[in-house]
Amino acid sequence: MFLRASSASHAPATVPISSQPSTAVDGIAARLREALRLLDGWLSAPLSAQQIVVRLSLYLLLAANWPLWLQLARIGGAPSQYLRPAAGLAVLIVCGMVAIFAFMAWTARGMKLLWWLVVLVAALAQYYMLTYSVVMDSGMAANVLQTDAGEVADLLSLRLLVSVLAVVALPGLWLLRVRVTAATPLRQVGRNLVMLVVALGVAAGTVAALSRDLAPLMRNHPHLRYMMNPLASLYSTTAVVLRPVFARSRTLVPMTQGAALGASYTAGARPLLFVLVVGETARAENFGINGYGRDTTPELARRGAFSWREVRSCGTSTLASLPCMFSPLGKSAFESRDNDYENLLDVAQAAGMGVLWLDNQSGCKGVCDRVPRAKAVDGLDDAARQSLCDGGECRDEAMLHNLDARLAALPAARRERGVLLVLHQMGSHGPAYYKRSAGSAKRFMPECRTEVLADCPHGELVNAYDNSIAATDAFLGKTIDWLRGQSARYDTGLLYLSDHGESLGEYGLFLHGMPYGMAPDVQKHVPMVAWMHDSMLRREKLSADCLRASADTPLTHDHLYHSMLGLLDVQSPSYQRGLDTFDGCRGSVTASR
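For every chain, the first residue of the written sequence is number 1, and numbering continues from 1 along that sequence. Selection of residues for local features in this predicted model requires a pLDDT of at least 70, selection of side-chain atom pairs for listing and counting requires 80 or more, and totals for whole chains, interfaces and linings are taken over all residues. Neither water nor hydrogens contribute to the side-chain values; these are computed over all heavy atoms in the structure.

**Notes on the overall build of the protein chain**
Each helix and strand counted, the protein chain has 22 helices and 16 strands in total. Taken over the C-alpha trace, the protein chain has a radius of gyration of 32 Å; the compact-globule value for 593 residues is 25 Å, which it surpasses by more than 25%. With the C-alpha coordinates aligned to their principal axes, the bounding extent of the protein chain is approximately 135 × 65 × 50 Å. For every residue, the accessible area obtained with a 1.4 Å probe (protein chains only) is divided by the maximum for its type, and the residue is called buried under 20%, exposed over 50%, and partly exposed between those limits. Considering the protein chain as a whole, with its 593 residues, one finds that 52% of them fall into the buried category. In what follows, residue pairs with any heavy atoms lying within 4.5 Å of each other are defined as contacts. Within the protein chain, contacts between residues at least 6 apart in sequence are counted, and of these 79% link residues at least 24 apart. Strands are runs of DSSP state E lasting at least two residues, helices are runs of H or I lasting at least four, and both sets are numbered from the N terminus onward. Atoms considered for the radius of gyration are the C-alpha atoms alone. The globule rule reads 2.2 Å times the number of residues to the power 0.38.

As structure tokens, then:
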């Protein structure tokens with residue numbers, strides 16, 4: 001018995017095979033649970049509303065201002081040259097955010113959502129500044145507010161989602177868990193006032209101490225003020241939204257007094273049918289008819305179109321350019337005006353012409369408010385929608401579908417005098433240039449197939465853009481052919497003019513919308529092309545040779561209003577002969593084809 005017991009005492013203990021790994025896994029899980037508990041405790045620690053917004057301001061400085069720091073590094077050269085102004089700007093950004101948050105630092109329900117929305121705005125602004133090198137001025141804010149669903153869809157991407165989540169995820173989780181300590185309304189007001197005064201005082205002291213560094217920097221590089229994120233976005237958006245509220249009511253100044261049809265509309269004369277095509281985002285440099293290295297405009301060349309190579313736009317966005325180019329005022333007076341003015345369409349209609357605006361874009365920005373208008377998609381049958389439209393967006397050829405019926409629907413009395421038809425293109429609208437041309441018509445390959453333009457090789461980006469220009473050329477060719485088909489009854493002509501240009505990576509910039517004074521020339525240098533049937537040339541007593549010889553005449557959007565009145569032979573006291581592009585070529589007639 002002793003031996004048996006002794007033997008048993010020396011036998012190894014029986015241990016389950018899985019016990020040791022299970023113990024290790026349990027230990028790791030326990031440590032993980034403890035870490036998560038500590039993290040949750042830190043996230044949910046009670047803080048006052050003022051403490052929360054100060055921390056958010058510091059976070060946004062670090063997480064959402066990389067475009068500004070990178071730009072400063074490019075400007076400053078050696079770190080010793082830009083560290084002091086960078087430090088000054090950092091203090092100003094935090095002080096500015098704290099000052100803004102001082103009006104939002106309350107314990108009321110909904111404040112967390114409001115704070116998170118500020119972070120979301122900062123994340124989106126940073127993404128677009130980094131991706132497209134834009135700045136968040138009031139013009140860009142106005143463009144964003146007037147963007148339609150189709151344009152938004154073009155900007156969405158997986159990279160956008162990842163970039164935004166990288167900024168908003170952490171503060172979003174924190175705001176979801178943090179407990180806001182209660183305080184009486186009077187105490188909250190007092191704290192917010194103290195926070196506001198301190199922020200403004202520190203900002204004033206920083207400006208005074210570093211003015212020698214900051215003043216020349218902001219004077220030489222004014223775009224930096226629109227890169228202070230999210231200050232610039234919040235300021236610009238607020239300014240755009242509130243400007244109509246606080247601005248005095250504008251009067252619509254009439255420009256139609258004395259408008260009348262000219263001598264070419266005598267009894268027995270054929271009516272005029274003129275098409276004005278408003279181009280979108282087209283650069284003059286990429287038009288083959290202007291000498292570009294690629295033949296992007298064979299249809300215009302084949303039809304004997306006239307082209308002007310030195311035309312500058314009124315603005316760098318549709319919102320800025322479109323109302324300006326139709327205005328009788330010119331760029332300088334338009335931008336400084338106190339009232340609104342009737343435009344080219346109003347004058348043509350008051351003279352007795354039929355006017356129709358057809359839109360394949362996100363609206364006419366007020367230009368067509370007082371004339372008949374329609375969208376390209378209106379009236380398309382199922383077969384036409386299937387062949388011309390994709391995902392809610394139609395190619396420009398949709399504006400030519402059923403155009404005879406649209407023309408016939410205009411009042412007969414006006415149609416018998418003459419018709420001005422305006423076609424507002426989708427054109428080369430970015431960043432999804434590849435969507436602007438049909439697959440079967442793409443001539444330049446491979447092309448960029450993403451909206452994140454900086455990710456594309458430059459050659460592929462240019463290919464996609466040039467395909468969109470070639471699509472515009474094909475559209476204009478078809479429009480001219482339609483006008484030729486109407487020439488048995490009408491004297492016909494066409495003028496094409498783009499609203500603004502586009503950056504394709506030059507100087508690190510993409511798209512358009514830079515403030516006019518600092519925008520590169522490619523955002524302002526636009527194509528202007530005309531075609532006129534021989535009967536139109538005779539009607540206007542225009543010399544085709546003279547028109548071709550004027551190809552390098554410097555022109556701007558200021559010339560459009562007066563040139564169109566001249567071509568339409570509409571008399572108006574607002575007409576200025578010196579701004580009529582065609583006036584110098586009247587007097588002798590030379591057939592163009």
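This is not the end of the story, as more comes after the structure.
**Some points on the layout of surface pockets**
A cavity here means a set of 1 Å grid points, computed over protein atoms only, where a 1.4 Å probe fits but cannot escape. A pocket is an open set with protein on both sides within 12 Å along at least 5 of 7 lines, and lining residues have an atom within 4 Å of a point. Grid points are joined across faces, edges and corners, and a volume is the space filled by probe spheres set on the points. Computed from the structure, the largest pocket encloses a volume of approximately 1300 Å³. Arg243, Arg250, Leu319, Phe334 and Arg337 are the residues nearest the centre of the largest pocket, which is lined by 40 residues in total. Among the secondary structure elements, those contributing two or more residues to the lining of the largest pocket are α7 (138–145), α11 (231–246), α13 (318–325), α14 (331–335) and β5 (340–341). Broken down by element, the lining of the largest pocket gets its largest block of residues, five residues, from α7. When residue character is reported, Ala, Val, Leu, Ile, Met, Phe, Trp, Tyr, Cys and Pro are called nonpolar, Asp, Glu, Lys and Arg charged, and the others, Gly included, polar. Within the lining of the largest pocket, the residues separate by chemical class into 19 nonpolar, 11 polar and 10 charged.

**A short note on the pattern of salt bridges**
Here the idea is simple: oppositely charged side chains can pair when their charged atoms come close. By convention in these notes, a salt bridge is any Lys or Arg side-chain nitrogen within 4 Å of a carboxyl oxygen on Asp or Glu. One pass over the full model with this rule turns up 23 salt bridges. The partner of Asp346 in a salt bridge is Arg370, with the nearest N and O atoms 2.8 Å apart. On the criterion of sequence distance, the pair formed by Asp346 in helix α15 (residues 344–351) and Arg370 in the loop between β6 (354–359) and β7 (373–375) is long-range, its members being 24 residues apart. Judged by its relative accessible area of 6%, Asp346 is buried.

**Some remarks on the packing of helix α6 (residues 111–132) against helix α9 (residues 158–177)**
Geometry is summarised by axes, namely lines fitted to C-alpha atoms with helices restricted to the contacting stretch, and by angles between N-to-C directions that run from 0 to 180 degrees. In contact at an axis separation of 9 Å, α6 and α9 are set at 155° when each is read in the N-to-C sense. With respect to their mutual orientation, α6 and α9 come out roughly antiparallel. As α6 packs across α9, the resulting crossing turns out to be right-handed. Side by side, α6 and α9 meet where Lys112, Trp115, Trp116, Val119, Leu120, Ala123, Leu124, Gln126, Tyr127 and Tyr128 of the first sit next to Arg159, Leu160, Ser163, Val164, Val167, Val168, Pro171, Gly172, Leu175 and Leu176 of the second. For the contact of α6 with α9, the class distribution of residues is 15 nonpolar, three polar and two charged. Working rule for angles: under 35 degrees goes down as roughly parallel, over 145 as roughly antiparallel, 65 to 115 as roughly perpendicular, anything else as oblique. Crossing handedness: left-handed means the near helix sits turned counterclockwise from the far one by under a right angle, and right-handed means the same turn made clockwise.

**A look at the packing of α15 against helix α22 (residues 558–568)**
The contact between α15 and α22 brings their axes to 10 Å, and the two run at 20°. The angle between the axes of α15 and α22 places the two elements in the roughly parallel class. As α15 runs across α22, the sense of the crossing is right-handed. Two secondary-structure elements touch here, α15 through Leu344, Val347 and Ala348 and α22 through Tyr561, Met564, Leu565 and Leu568. The residue makeup of the contact of α15 with α22, split by class, is seven nonpolar, no polar and no charged.

**Comments concerning the side chain of Asn343**
Residue placement: Asn343 occurs in the loop between β5 and α15. Residue classification places Asn343 among the buried residues on the basis of a relative accessible area of 5%. Only 2.9 Å separates the side chain of Asn343 from the backbone nitrogen of Leu345, close enough to count as a polar contact. With sequence-adjacent residues up to four places away left out, Asn343 is seen in contact with Phe326, Pro328, Val367, Arg370 and Tyr561. Two N or O atoms count as a polar contact when they lie within 3.5 Å, although within protein this holds only if one can serve as hydrogen donor and the other as acceptor, and sequence-adjacent residues are included solely when both atoms are side-chain atoms.

**Quick notes on the state of the cysteines**
Counting rule for disulfides: a pair of cysteine sulfur atoms within 2.5 Å. Throughout the structure, instances matching the rule amount to five disulfides. Bridging Cys389 to Cys394, the disulfide has an S-S length of 2.0 Å. Note on the Cys389 and Cys394 pair: the S-S dihedral is about 90°, so by sign convention the disulfide is right-handed. Each member of the pair, Cys389 together with Cys394, is buried. In the protein chain, the bonded cysteines, numbered by position in the sequence, are linked as 1-2, 3-4, 5-6, 7-8, 9-10.

**Here we look at the environment of Cys324**
When you line up the elements, Cys324 lands in helix α13. Sequence separation between Cys324 and Pro372 is 48 residues; the distance between their C-alpha atoms is 20 Å. Excluding its chain neighbours within four sequence positions, the residues that come into contact with Cys324 are Cys314, Gly330, Lys331 and Phe334.

Keep in mind that these numbers describe shape and distance, not what the molecule does.
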